[in-house]
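Spelled out, the chains give:
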Amino acid sequence: MQPIQFIDLKAQQKNIRQKLDIAIQKVLDHGIYIMGPEVKELEAKLSAFCGAKHTISCSNGTDAIAFALMCKNIKAGDHVLVPSFTFAATAEVLAWFDAIPVFVDVDLKTFNMCPNHLEATIIDAKKKGQRLTGIITVDLFGQPVDYEAINKIAQHHDLWIIDDAAQGFGGSLKGQKVGTLAELTTTSFFPAKPLGCYGDGGAIFTDNDEYAALMRSIRVHGQGSDKYDNVRIGMNGRLDTIQAAILLEKLAIFAEELKKRDQIAQRYSNALKDCIQTPHLIDGAFSAWAQYTLVIPNRDEVAQSLKEVGVPTFVYYPMPLNLQTAYKHYPAGPNGTPNAEKLAKQVLSLPMHPYLDEKTQDYIIEQTRTILLKKAA
Ligand SMILES: *Cc1c(COP(=O)(O)O)cnc(C)c1O
């Protein structure tokens, strides 16, 4: 048997290599490396894919959050609610603007921001006189957040929502695609994300014409209608034409890949649910399955045993963001973030990519079952 890959980008490339070669060659031939025709084509196709009116491609998923925050006119001292169990970028960007992340605990079953703790954190923050302006939700591991619940809370407290869908693009909630579930949605095309390029890339999705125009200006140093009259402070935040060309080929097979990820997740869950906590999807959620994540009390032992039989696993994330060195001085909601702390000790992600054949899936399932049952005995 071939060594099992946690994420198999080589198998995907083999599948579409000829098309990629042609697409890259085309860019080399026309030579428009910055904002070439492929960038526009990709943006149109991404909009068609998710149903958002505008797609603004950009440099990466971290900058994408900055674009969205600039639409919201983020200012020093603004307090923004973020989940405690996420990748650093979600809160990092707030600090660029001297804004303050306020950490909200996550739900033990979905791993996403807990609506109850969100509400409690808002009430607590208001009591403390913190100026709350918005919420950044994260569709962790590919599953959309419970937007029905979060939207209600946001509306009630007059807060905006930015959806950090770096892991969630491709997912949907009750038939509504990620990209349209919040006023502004950001994503990442980092190679290991469900839709990845061969370098850095990202995008912002919105239905708002003003925001779209603003972000197109910010993307090129705050350019106005005259290229050399910059009308605002912006950044160099563009997606390379070559990456857009690569993404066009990957987007063409993305829907099929999402289906395969979902089938694999279902097979894993059906085979493992009697011996461990498998991922829980909320009503109507379709996950992009960026990760397939189990909760295992003796996680480190199980990970080691799986490694010994050739099953690679990963821990996303071994530490809640609000406990990390650069973030621990920022506020968290009442009673802290015990769920995130528990998950950090117990989560384990199994190999997940659309090119896992059934034989390999069965091997992973069989080994995981054997080890879980043995370790529990
Ligand atoms: C990967 C990721 C990002 C950052 O994306 P980059 O393209 O690497 O900058 C932001 N938020 C979350 C939740 C992520 O997983």
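A brief structural summary. These figures come from a predicted structure and were not determined experimentally.

## Points about the site of the ligand
Thinking step 1. Looking at the ligand, there are 14 residues lining it, with Gly61, Thr62, Asp164, Ser188 and Lys193 nearest.
Thinking step 2. In the environment of the ligand, an oxygen atom lies 2.7 Å from a nitrogen or oxygen atom belonging to the backbone of Gly61.
Thinking step 3. With respect to the ligand, the side chain of Lys193 contributes an N or O atom lying 2.6 Å from an oxygen atom.
Thinking step 4. Protein coverage of the free-state accessible area of the ligand, which is 380 Å², stands at 93%.
Thinking step 5. Of all the secondary structure elements, the ones that give two or more residues to the shell around the ligand are helix H3 (61–71) and helix H4 (89–96).
Thinking step 6. Here the shell around the ligand is built from residues that sort into 4 nonpolar, 8 polar and 2 charged.

## Looking at the sheet that holds strand S6 (residues 172–173)
Thinking step 1. Strands sit in the order S7-S6-S10 across an open sheet of 3 strands; the sheet is antiparallel. With one partner strand each, in any of the chains shown, strand S7 (176–177) and strand S10 (285–286) form the two edges of the open sheet.

## As for unusual backbone geometry
Thinking step 1. In this structure, the amide linkage connecting Tyr316 to the following residue, Tyr317, adopts the cis form with an omega of 5°.
Thinking step 2. Positionally, Tyr317 belongs in the loop between helix H10 (299–308) and helix H11 (338–346).
Thinking step 3. A positive phi angle, near 70°, is found at Phe111, a position not held by glycine.
Thinking step 4. Tracing the chain through its elements places Phe111 in the loop between strand S3 (100–104) and helix H5 (115–127).
Thinking step 5. Overall, the relative accessible area of 4% leaves Phe111 in the buried class.

## Observations regarding the packing of H3 against H4
Thinking step 1. Interhelical geometry of H3 versus H4 gives an angle of 50° and a closest axis separation of 9 Å. For the element pair H3 / H4, the angle class is oblique. Considering how the two elements wind past one another, H3 and H4 form a crossing that is right-handed. Seen from H3, the contacting residues are Thr62, Asp63, Ile65, Ala66 and Leu69; seen from H4, they are Ala89, Thr90, Glu92, Val93, Leu94 and Trp96.

## Regarding the sheet that holds strand S9 (residues 202–206)
Thinking step 1. Strands sit in the order S1-S9-S8-S5-S4-S2-S3 across an open sheet of 7 strands; the sheet is mixed. The two strands at the open ends of the sheet, each matched to only one other strand, are strand S1 (54–58) and S3. On average, each strand axis in the sheet is inclined to that of its neighbour by 25°, with strand direction left out of account.
Thinking step 2. In this structure, strand S5 (residues 160–164) lies alongside strand S8 (residues 184–188), joined through 3 bridges in parallel fashion. Paired with Asp163 across the two strands is Thr185, which belongs to S8.
Thinking step 3. Where H3 meets the sheet, it contacts S1, strand S4 (132–138), S5, S8 and S9, and its direction lies at approximately 165° from that of S8.

## Quick look at the state of the cysteines
Thinking step 1. Within the structure shown, the criterion is met by 0 disulfides.
Thinking step 2. Not part of a disulfide, Cys197 finds its nearest cysteine sulfur in Cys58, a span of 10 Å.

## Here's the deal with a nonpolar patch on the surface
Thinking step 1. Judged by side-chain polarity, Leu28, Tyr33, Ile34 and Met35 come together as a nonpolar surface patch covering roughly 380 Å² of accessible area.
Thinking step 2. Checked against the element boundaries, Ile34 lands in the loop between helix H1 (9–30) and helix H2 (37–50).
Thinking step 3. Overall, Ile34 belongs to the partly exposed group, its relative accessible area being 45%.

## Details of the packing of aromatic side chains
Thinking step 1. Considering all chains together, one arrives at 13 aromatic pairs under this definition.
Thinking step 2. With a centroid separation of 5.6 Å and 45° between ring planes, the pair formed by Phe49 and Phe169 is classed as tilted. You can see Phe49 sitting in helix H2 and its partner Phe169 sitting in the loop between S5 and S6, a full 120 residues away along the chain.
Thinking step 3. Taking the centre distance of 6.3 Å and the plane angle of 40° together, the rings of Tyr327 and Tyr330 count as tilted. You'll find Tyr327 and Tyr330 in the same group, each marked buried.

Calculation notes
Once a new chain begins, its residue numbering starts again from 1 and follows that chain's sequence as written. Reporting in this predicted model follows two pLDDT cut-offs: at least 70 for local features of residues, and 80 or more for side-chain atom pairs to be given and counted; totals over whole chains, interfaces and linings ignore these cut-offs and use all residues. Water and hydrogen atoms play no part in the side-chain values, which are based on all heavy atoms of the structure. Throughout, the term near means that a residue has one or more heavy atoms lying within 4 Å of the molecule or strand in question. Distance and chemistry together define a polar contact, namely a pair of N or O atoms within 3.5 Å, with one atom able to donate a hydrogen and the other to accept it when in protein, and with adjacent residues in sequence counting only for side-chain atoms on both sides. In this description, accessible areas are obtained by the Shrake-Rupley approach with a 1.4 Å probe, and a residue is regarded as covered only by the protein chains that are shown. Where helices and strands are cited, they refer to DSSP runs of H or I of at least four residues and of E of at least two residues respectively, numbered from the N terminus. Residues are grouped as follows: Ala, Val, Leu, Ile, Met, Phe, Trp, Tyr, Cys and Pro are nonpolar; Asp, Glu, Lys and Arg are charged; all remaining types, including Gly, are polar. Strands were regarded as paired on the criterion that DSSP finds at least two bridges between them. Summary of the burial criterion: residues with accessible area below 20% of their type's maximum are buried, those above 50% are exposed, and those between are partly exposed, where the area comes from a 1.4 Å probe applied to protein chains only. Simply put, an axis is a line fit to the C-alpha atoms, just over the touching stretch for a helix, and the angle between two N-to-C directions goes from 0 to 180 degrees. Roughly parallel means an angle under 35 degrees; roughly antiparallel, over 145; roughly perpendicular, 65 to 115; everything else is oblique. Whether a crossing is left-handed or right-handed is set by the direction in which the near helix is turned from the far one by less than a right angle, anticlockwise for left-handed and clockwise for right-handed. For this analysis, residues touch if any pair of their heavy atoms sits within 4.5 Å. The definition used for a disulfide is geometric: two cysteine sulfur atoms within 2.5 Å. For patch building, the residue pool is restricted to those with more than 30% relative accessible area and no salt bridge; the joining distance is 9 Å between like charges and 5 Å between nonpolar side chains (Val, Leu, Ile, Met, Phe, Trp, Tyr). What counts as a salt bridge is simple: a side-chain nitrogen of Lys or Arg found within 4 Å of a carboxyl oxygen of Asp or Glu. Whether two aromatic rings pair depends on their centres lying within 6.5 Å, for rings of Phe, Tyr and Trp, where Trp uses its six-membered ring; planes under 30 degrees apart make the pair stacked, over 60 edge-to-face, and the rest tilted.

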